[in-house]
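A closer look at the structure
Given next are the chains, with one letter for each unit.
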Amino acid sequence: MNKKLGVFPTMVTPYTKEGKVDYKGVEALVEWYWKKGCDGIFAVCQSSEIFFLTLEERVNIGKTVVEKAKALAEVDRTRKPMKVVVSGHVSDSFEDQVEELTAMSGIGADALILISNRMDIANTTDEKWIEDLHKLIEKIPAYMPLGVYECPKPYKRLLTKKMLEACKATGRFAFIKDTCCDAEMIKERIEVLKDCDIGLYNANAQTLLETLRAGADGYCGVMANFHPEIYKWLFDNADKKEAELVQAFVCMTAFTESLAYPATAKYYVNAHEGIKIEPISRAVDCNLITEYQKSCLAQMKTLGDFLKKQIGIGE
């Protein structure tokens, strides 16, 4: 993988009314991301409800995403294929982690993402985290590019400079999903990573433009499940004066993450984008999507459409 790949939505998992994974819905979402101009997909992540999926489901979802993304790229060769990165890294025990990561490494994804709080689970020292990292990656096939995701669940383990340097030294890492939500810290991380092939992807909308201008490699976050084409425009046009207006839009609308996500994302693409999936979630009660929440999402859609017309996004 290369740096500067762009926009990676954190993919949600559709379910049938019976609560089973809806693989037709998975394919429909992948196609929607493609049509919206996404550069990649982060599948089998927290937005995908990984802590509520069996290993078999995680593997099958990842396979479906990889295969659909490849099929779309074969039909339309006018643009680069979407990169697919996957995680599914949830277990506590070392043996179970090796099993799940080995399984996920065989599905054909472009990178396998480790969750930062799964090494040194007790959160003791950088040294222990690095020791666990080396122990784990020795068990992952050497051909597999790796990444790290600072997943907020069950707790957020932010990468220190020492931990980043350790990742660099292995020569195996390509992708960091940054969730620190701190522009100055991100700039420090960009400086650490400037002389290597590890791309840093900001998950935080509120700091996005500032960090793109500082050298961040793209956006990998929740809100690309609502209006990915706006994030794609911002990535491609960060130096334009209109980018300040687009940044203000993504800053304010990203506060809808506090609603009943990820059920809200499924409701939104069904109600406003024509993607026929259920708003069912294993992580949150979809009944929490009240009329108030639906109204907030509808107003976000109205504002987004107005912005796109004003700026010429999607024309």
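Structural data are supplied above this passage.
Residues numbered from 1 in each chain as written. Predicted model: local features only at pLDDT ≥ 70, side-chain atom pairs only at ≥ 80, totals over all residues. Heavy atoms only, no water.

1. A word on the overall build of the chain
Of regular secondary structure, the chain possesses 11 helices and eight strands. The C-alpha atoms of the chain give 18 Å as radius of gyration, which agrees with the globular expectation for 315 residues (20 Å, within 12%). With respect to the three principal axes, the spread of C-alpha positions in the chain is 50 × 50 × 40 Å. Looking at the 315 residues of the chain, the share that counts as buried comes to 57%. (Helix = DSSP H or I, 4+ residues; strand = E, 2+ residues; numbered from the N terminus. Rg over C-alpha atoms; globule rule 2.2 N^0.38 Å. Buried < 20%, exposed > 50% of the residue type's maximum accessible area, 1.4 Å probe, protein only.)

2. As for the environment of Val65
Take Val65: it is sitting in helix H2 (residues 55-75). Setting aside chain neighbours within four positions, we find Val65 in contact with Met11, Val26, Val30, Ile41, Ala43 and Val84. (Contact = heavy atoms within 4.5 Å.)

3. Details of the pattern of salt bridges
Tallied over the full model, the rule gives 26 salt bridges. In this structure, Glu229 engages Lys36 in a salt bridge whose closest nitrogen and oxygen atoms are separated by 3.4 Å. One end of the pair, Glu229, is in helix H8 (residues 228-236); the other, Lys36, is in the loop between helix H1 (23-35) and strand E2 (40-43), with 193 residues separating them in the sequence. Here Glu229 matches Lys36 in class, with each residue buried. Where salt bridges share partners, they join Lys36, Glu229, Glu273, Lys301, Asp305 and Lys308 into one cluster. (Salt bridge = Lys/Arg side-chain N within 4 Å of Asp/Glu carboxyl O.)

4. Examining the pairing of strand E3 (residues 83-86)
Looking along a regular strand, one sees the side chains alternate between the two faces of the sheet. Pairing of E2 with E3 involves four bridges; the strand directions are parallel. Paired with Phe42 across the strands is Val85, a residue of E3. The parallel pair E2 and E3, bridged by H2, forms a crossover whose chirality is right-handed. Where E3 meets strand E4 (residues 111-115), two bridges bridge the pair, whose relative direction is parallel. Opposite Val85, over in E4, you have Ala111 as the bridge partner. (Pairing = 2+ DSSP bridges. Right-handed = clockwise from strand over helix to strand, strands pointing away.)

5. Overview of the sheet that holds strand E1 (residues 6-9)
Taking strand neighbours across the sheet as the criterion, the eight strands line up as E1-E8-E7-E6-E5-E4-E3-E2 in an open arrangement whose pairing is parallel. In this open sheet, the two strands that pair with only one neighbour each are E1 and E2. Recorded for the sheet is a direction-independent mean angle of 25 degrees between the axes of neighbouring strands. Pairing geometry for strand E6 (residues 173-178) and strand E7 (residues 199-202), over four bridges, is parallel. Bridging across to E7, Phe175 finds its partner in Gly199. (Axes fitted to C-alpha atoms, helices over the stretch in contact; angles between N-to-C directions.)

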